[in-house]
Amino acid sequence: MSSDKPILGIIGGGQLGSMLCQAAKKLNISTTILTDDLHAPAQNFCDAFVHSDYKDSSALEKFAKTCDYITFEFENIPFEILEQISAITKINPNPNINKIVQNRFTEKNFLKTLGIATTSYTFIKSKIDIEKNQNLLPGILKTCTLGYDGKGQHVISSMEDVKDDWCFSSDYILEKFIDLKQEISVIITRYSDGGLSIFEPIENIHKEQILNTSIIPAKINSEICDEAKIIAKKISEKLKYTGTMCVEFFIDKKNKLYVNEIAPRVHNSGHLTINAFNISQFENHVRAVCGLEKIELQKKSDAKMVNIIGDEINDYRGKLLNKNQFLFDYQKKEIKDKRKMGHITTLLDTKDS
Ligand code: ADP
Ligand code: MG
């Protein structure tokens, strides 16, 4: 079947990839997913599915040649692979950004150069390094790369929590623990002509370091709201970013704002934008990376999103929902403990709840 639709290649095939495919479909753009996961859920939503080892150069080349535009749905793809693909077809956002944010240490150093507040932190390679930096305790030891949903993190209250048999096989950073009042995120889309589309800050509640609930409006004052948006804008402009990105923030008990981390992609906390706005974070991303025009955001409703973790999904499958509720079942092949299996968004200011 021949088609003259433009083709958007997406590297990675998880739920974020699935939602990007759905947004592209609405814009009459075809999608090809490239993933090394044979069971990747995005295969249920894309137009073409390429299952390949990321080290298979000829498969990467073939994928790159068939796509008009390329993006990714997770930031931990080895940089060399993105570089190889982008030599054939440009990738947006620019993979150089991944080099900075893939590593918590370089990410925080980058924020420091912009004068943006982060938690106090230091690079750690051994127990002695922690001993020398006890001013950062209580703190959290995090692997510099590859952590998500709290994986690869250890809370360290005192030196007694540092076990003698830890081998420090990876690079770590130690972050001082912040006495959190709230967490918020700002989802921002930057278009290649510099146009910006910024969603209002979203308040996020984590359980066991996994995002549980996201709500708009966030219960924050207007100064923090403005400051968070200005910081997100500053980061996206400094990176000359094209696409949607998320900036996660901490707010401490004294109402001081810190950037926690930057996700160079669409983000779990932005799922509620699908139902609460005229344009979702996903549509905004597709529009930006495919060179389409920016459309002004219009909010339709306050909203709350709850992640469905592990076997909680069984309680939702086949359940009747209210008119203001929207269930997203990621259609993952297997139910796994502590794994995001779906989410449910509730619009909060409609009458038929
Ligand atoms: P991940 O990459 O797994 O999302 P984060 O660094 O965002 O890792 O940490 C996950 C969650 O753990 C945060 O959203 C926050 O709730 C908690 N957390 C992480 N670092 C700190 C800190 N320095 N102080 C207080 N809470 C923290
Ligand atoms: Mg996080």
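The notes below deal with the structure included here. From a predicted model like this one, the values you see are computed outputs, not experimental measurements.

Brief notes about the overall build of the protein
Here is step 1 of the chain: The number of helices and strands found in the protein is 10 helices and 17 strands.
Here is step 2 of the chain: Computed over its C-alpha atoms, the radius of gyration of the protein comes to 20 Å, within 12% of the 20 Å expected for a compact globule of 353 residues.
Here is step 3 of the chain: For the protein, the spread of C-alpha atoms along the three principal axes comes to 65 × 55 × 45 Å.
Here is step 4 of the chain: With 353 residues in all, the protein has 54% of them scored as buried.
Here is step 5 of the chain: Within the protein, residue pairs in contact and separated by at least 24 positions form 62% of the contacts whose partners lie at least 6 positions apart.
Here is step 6 of the chain: Both charge centroids of the protein, one from 46 positive and one from 47 negative side chains, sit 2 Å from each other.

Remarks on the packing of helix α2 (residues 57-66) against helix α3 (residues 79-86)
Here is step 1 of the chain: Interaxial distance between α2 and α3 falls to 9 Å at its minimum, and their mutual angle equals 45°. As far as their axial angle goes, α3 and α2 are oblique. Of the two possible hands of crossing, α2 and α3 adopt the one that is right-handed. Contact residues: Ser57, Leu60, Phe63 and Ala64 in α2; Ile81, Gln84 and Ile85 in α3.

Section: the packing of helix α1 (residues 15-26) against helix α9 (residues 281-289)
Here is step 1 of the chain: Where α1 contacts α9, the axes come no closer than 8 Å and their chain directions differ by 70°. The angle between the axes of α1 and α9 places the two elements in the roughly perpendicular class. The crossing of α1 and α9 is right-handed. Across the interface between the two elements, Leu16, Met19, Leu20, Ala23, Ala24 and Lys26 of α1 pack against Phe282, Glu283, His285 and Val286 of α9.

Each value, and the rule that gives it
Throughout this document, residue positions are counted from 1 along each chain, in the order its sequence is written. Numbering of ligands from 1 and lettering of chains from A proceed in the order in which they are written. Totals for whole chains, interfaces and linings use all residues, but because this is a predicted model, local features are given only for residues with pLDDT of at least 70 and pairs of side-chain atoms are given and counted only at 80 or more. The basis for the side-chain values is all heavy atoms of the structure; hydrogens and waters are excluded. By the criteria applied, helices consist of DSSP H or I runs no shorter than four residues and strands consist of E runs no shorter than two, each listed in order from the N terminus. The reference for a compact globule is 2.2 Å times residues^0.38; the radius of gyration itself is calculated from the C-alpha atoms. Whether a residue is buried, partly exposed or exposed follows from its accessible area with a 1.4 Å probe, protein chains only, as a fraction of its type maximum: under 20%, in between, or over 50%, in that order. Note on contacts: a residue pair is in contact if any heavy atoms of the two residues lie within 4.5 Å. Here Asp and Glu are counted as negative and Lys and Arg as positive; His is not counted, and neither are the chain ends. In this description, the location of a charge corresponds to atom NZ of lysine, CZ of arginine, CG of aspartate or CD of glutamate. Note on method: axes are straight lines fitted to C-alpha atoms, helices fitted across the in-contact stretch only, with angles between N-to-C directions ranging 0 to 180 degrees. Our angle categories are set so that under 35 degrees counts as roughly parallel, over 145 as roughly antiparallel, 65 to 115 as roughly perpendicular, and the remainder as oblique. Definitions for this section: a left-handed crossing has its near helix turned counterclockwise from the far helix by less than a right angle. A right-handed crossing has that turn clockwise.

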